[in-house]
Amino acid sequence: MNLWDWLFPIRCVGCGKWEEWLCGRCRGKLKWAEQRCPECGERSIGGWSHQRCVRPWGMNGLMIVYEYEGLMQKIVKEIKYRFCRELIGVCLEGIDGFKEEKEGVVVPIPLHWQREN
């Protein structure tokens, strides 16, 4: 164990287990999001916009991986306020499409300019 790990130990966001950002048990508690059209909010396949909803300057699609509730709220707060950016990769680990997508983007969580400074 190096000094950095000793000063800032890695603990599971959900249960506090040492040496993992998100243990397997807690990862199982994350609820998959139902994919919806970003324009109308109705169900859609893969989060793509319906043909009738496509707008010239609108989004073609939006994939939401997990519902923003319970443990996911804690994870977002860890990423946003404690700068645990490693959690982004941990949450997306093993999800097909994120490594191969050339146009896919993980959007950062907006931070107040004073907090960012």
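What you see is a predicted model; the values in this text were computed from it and never measured. (Residues numbered from 1 in each chain as written. Predicted model: local features only at pLDDT ≥ 70, side-chain atom pairs only at ≥ 80, totals over all residues. Heavy atoms only, no water.)

A. Structural detail: the overall build of the chain. The secondary structure content of the chain amounts to 5 helices and 0 strands. Counting from the amino terminus, helix and strand elements in the chain follow one another as α-α-α-α-α. Considering only residue pairs separated by 6 or more positions, the chain has 44% of its internal contacts joining residues 24 or more positions apart. Just so you have it, the chain exposes about 9500 Å², and 55% of that area is on carbon and sulfur atoms. (Helix = DSSP H or I, 4+ residues; strand = E, 2+ residues; numbered from the N terminus. Contact = heavy atoms within 4.5 Å. Areas by Shrake-Rupley, 256 points an atom, 1.4 Å probe, with all protein chains shown as cover.)

B. Focus on the environment of G24. On the secondary structure map, G24 appears in helix α2 (residues 24-27). For G24, a relative accessible area of 55% translates into the label exposed. With 12 residues separating them in the primary sequence, G24 and C12 have C-alpha atoms 9.6 Å apart. (Buried < 20%, exposed > 50% of the residue type's maximum accessible area, 1.4 Å probe, protein only.)

C. Spatial organisation of the packing of aromatic side chains. Taken as a whole, this structure holds 1 aromatic pair when the rule is applied. Judged by centre distance (5.0 Å) and plane angle (35°), the rings of W32 and Y66 are tilted. With W32 in the loop between α2 and α3 (71-81) and Y66 in the loop between α2 and α3, this residue pair connects regions lying 34 residues apart in the sequence. Over the ring of W18 we find R11, and its NZ or CZ is 4.2 Å from the ring centre. (Phe/Tyr/Trp six-rings, centres within 6.5 Å; stacked < 30°, edge-to-face > 60°. Lys NZ or Arg CZ within 6 Å of the ring centre and 35° of its normal.)

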